[in-house]
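Listed below, chain by chain, are the residues.
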Amino acid sequence: MYRNVVRRFQEIEGKPWQAQGAMIELTKQTGELAKQVMLKENYYAWAGEEMEVNQRLGNEMADVIAQVMRLADYYQIDLEQAFIEAREDEDKYLSSRGV
């Protein structure tokens, strides 16, 4: 589904994003996620509905994941396999430490 969305945005934007564009967007989306966390944790004076903050928080998390997926596609990385291998490496490391 996301690849289709990216393709459609490319039609509007007139060119595909390279890694730099995806990284800039990832940084922007991470900042927007940080703002929602700040709202959720009451660092900002805000009188909105908690449900609205939760929805935006989830949306920004999804946007961050989408940009990571975009980078993985750009570099032709099987993100699911990379995730599994990284967790297996962590498991081995923790086992070597006795935990």
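Computed from a predicted model, the values in this text were never measured in an experiment. (Residues numbered from 1 in each chain as written. Predicted model: local features only at pLDDT ≥ 70, side-chain atom pairs only at ≥ 80, totals over all residues. Heavy atoms only, no water.)

Before going further, it helps to spend a moment on the packing of aromatic side chains. Applying the stated criterion across every chain yields a total of 1 aromatic pair. Seen from their ring centres, Tyr-74 and Tyr-75 are 5.0 Å apart, and the 85° between their planes marks the pair as edge-to-face. The cationic tip of Arg-70 hangs over the ring face of Trp-17; the distance from NZ or CZ to the ring centre is 3.9 Å. One Lys or Arg, Arg-87, reaches over the ring of Phe-83 and ends 4.7 Å from the middle of that ring. (Phe/Tyr/Trp six-rings, centres within 6.5 Å; stacked < 30°, edge-to-face > 60°. Lys NZ or Arg CZ within 6 Å of the ring centre and 35° of its normal.)

What follows deals with a negative patch on the surface. Together, Asp-78, Glu-80, Glu-85, Glu-88, Asp-89 and Asp-91 give the surface a local cluster of negative charge. Relative to the elements of secondary structure, Asp-91 occurs in helix H4 (residues 79-96). (Patch = residues over 30% accessible without salt bridge, like charges linked within 9 Å, V, L, I, M, F, W, Y side chains within 5 Å. Areas by Shrake-Rupley, 256 points an atom, 1.4 Å probe, with all protein chains shown as cover. Salt bridge = Lys/Arg side-chain N within 4 Å of Asp/Glu carboxyl O. Lys, Arg positive; Asp, Glu negative; His and termini not counted. Charge placed at Lys NZ, Arg CZ, Asp CG, Glu CD. Helix = DSSP H or I, 4+ residues; strand = E, 2+ residues; numbered from the N terminus.)

Time to look at the packing of helix H1 (residues 2-13) against helix H3 (residues 50-74). Two elements in contact, H1 and H3, have axes whose closest approach is 11 Å; the angle formed by their N-to-C orientations is 80°. One way to sum up the angle between H1 and H3 is to call them roughly perpendicular. Facing Tyr-2, Arg-3 and Val-6 of H1, the residues of H3 in contact are Ala-66, Gln-67, Met-69, Arg-70 and Asp-73. Among the residues forming the contact of H1 with H3, the class breakdown is 4 nonpolar, 1 polar and 3 charged. (Axes fitted to C-alpha atoms, helices over the stretch in contact; angles between N-to-C directions. Parallel < 35°, antiparallel > 145°, perpendicular 65-115°, else oblique. Contact = heavy atoms within 4.5 Å. Nonpolar A, V, L, I, M, F, W, Y, C, P; charged D, E, K, R; others polar.)

On to the pattern of salt bridges. Scanning the model with the defined rule gives 7 salt bridges in all. Taking the shortest distance from any N to any O, the salt bridge between Glu-50 and Lys-40 comes out at 2.6 Å. In this pair, Glu-50 sits in helix H3 while Lys-40 sits in helix H2 (residues 19-40), placing the two residues 10 residues apart along the sequence. In this structure, a network of salt bridges that share partners links the residues Glu-25, Lys-28 and Glu-32.

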